[in-house]
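Architecture and fold: a report
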Amino acid sequence: MFRTVKNLSCSKFRYLLRFNDLGSNCIDSKRIVPFSTSSLALKDEKVKVCFVLNDGKRLEAEAKIGDTLLDVVVNNDLNIEGYGACEGTLTCSTCHVILKQEDYDRLPEEPSDEERDMLDLAYGLTDTSRLGCQITLTKDLDGLEIIVPETINDARS
């Protein structure tokens, strides 16, 4: 653990301490920069993605390779109502997204059985539906366009 911590910037280290209940609440939160802790996301390579809302509004964002789509929404403070309520634990389906067929085919991994079970509870399910918390961005996904369904269904309620 100490090797990993040694390579983190001060702000990233404070972020980890604060949001993992390892530090005090007196940290200057204005200086904290959110980031993903996946090993791929620790690299500096970035890709661009675009979330298309039901009203046609486009939310473009830059993301680190290794981030999930849920990380992108959180780290870029994108205003998508109710998105990712379970914080990526595969228990709610609120990060349900729809991809174009060609983008769906570019994904490096098939959905797991757990993801498929959650997708069965999602509103507006399609053949190219996925959960954003399960899509990890790679260099090949640069320019990915993500359609956010009209309604978000929280499977926990």
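Scroll up a little and you will see the structure.
Residues numbered from 1 in each chain as written. Predicted model: local features only at pLDDT ≥ 70, side-chain atom pairs only at ≥ 80, totals over all residues. Heavy atoms only, no water.

Examining the overall build of the protein
Counting its secondary structure elements, the protein contains 5 helices and 5 strands. When the helices and strands of the protein are placed in sequence order, the string is α-α-β-β-α-β-α-α-β-β. With 157 residues in all, the protein has 38% of them scored as buried. In the protein, of all internal contacts separated by at least 6 residues, the share reaching a separation of at least 24 is 63%. Of the roughly 9600 Å² of accessible surface on the protein, 46% is carried by carbon and sulfur atoms. (Helix = DSSP H or I, 4+ residues; strand = E, 2+ residues; numbered from the N terminus. Buried < 20%, exposed > 50% of the residue type's maximum accessible area, 1.4 Å probe, protein only. Contact = heavy atoms within 4.5 Å. Areas by Shrake-Rupley, 256 points an atom, 1.4 Å probe, with all protein chains shown as cover.)

Concerning the pairing of strand β2 (residues 58-64)
Relative to β2, strand β1 (residues 46-52) runs antiparallel, the two being bridged by 7 bridges. Residue pairing across strands places Val 47 opposite Ala 63, the latter belonging to β2. (Pairing = 2+ DSSP bridges.)

Quick notes on the nonpolar core
One finds Phe 51, Leu 69, Ile 80, Tyr 83 and Leu 137 to be the most contacted residues of the largest nonpolar core, which totals 30 residues. Listing elements by their share of this core, those giving two or more residues are β1, β2, α3 (69-75), β3 (96-99), α5 (113-119) and β5 (144-147). When residues in this core are grouped by element, the largest group, 4 residues, is from α3. When neighbours within four sequence positions are excluded, Leu 69 is seen to be in contact with Phe 51, Tyr 83, Val 97, Gly 132, Ile 135, Leu 137, Leu 144 and Ile 146. (Core = buried A, V, L, I, M, F, W, Y, C linked by side-chain atoms within 4.5 Å.)

A short note on the environment of Cys 86
Structurally, the position occupied by Cys 86 is in the loop between α3 and β3. The class of Cys 86 is buried, set by a relative accessible area of 10%. C-alpha of Cys 86 to C-alpha of Arg 156: the two residues are 70 residues apart in sequence and 8.8 Å apart in space. With near-sequence residues (within four places) excluded, Cys 86 lies in contact with Thr 91, Cys 92 and Arg 156.

Overview of the pattern of salt bridges
Two side chains of opposite charge can pair, provided their charged atoms sit close to one another. Tallying each qualifying case throughout the model produces 7 salt bridges. For Arg 116, the salt bridge identified is with Glu 110, shortest N-O distance 3.9 Å. Taking the relative accessible area as the measure of exposure, Arg 116 reaches 40% and is therefore partly exposed. You can call Glu 110 exposed: its relative accessible area is 62%. Here Glu 115 makes a salt bridge to Arg 130, at a shortest N to O gap of 2.7 Å. With Glu 115 in helix α5 and Arg 130 in strand β4 (residues 129-131), this pair connects stretches of sequence that are 15 residues apart. With a relative accessible area of 2%, Arg 130 lands in the buried category. Residues participating in the shared-partner salt-bridge network are Arg 58, Lys 100 and Glu 145. (Salt bridge = Lys/Arg side-chain N within 4 Å of Asp/Glu carboxyl O.)

Quick look at the environment of Leu 69
For Leu 69, the position within the fold is in helix α3. A C-alpha to C-alpha distance of 9.3 Å links Leu 69 and Val 97, two positions 28 residues apart in sequence.

Examining the packing of aromatic side chains
Counting across every chain of the model gives 1 aromatic pair. Between the aromatic rings of Phe 51 and Tyr 83, the centroid separation amounts to 6.3 Å while the plane-to-plane angle is 80 degrees, which identifies the pairing as edge-to-face. You can see Phe 51 sitting in strand β1 and its partner Tyr 83 sitting in the loop between α3 and β3, a full 32 residues away along the chain. Here Phe 51 matches Tyr 83 in class, with each residue buried. (Phe/Tyr/Trp six-rings, centres within 6.5 Å; stacked < 30°, edge-to-face > 60°.)

None of this, on its own, says anything about what the molecule does.
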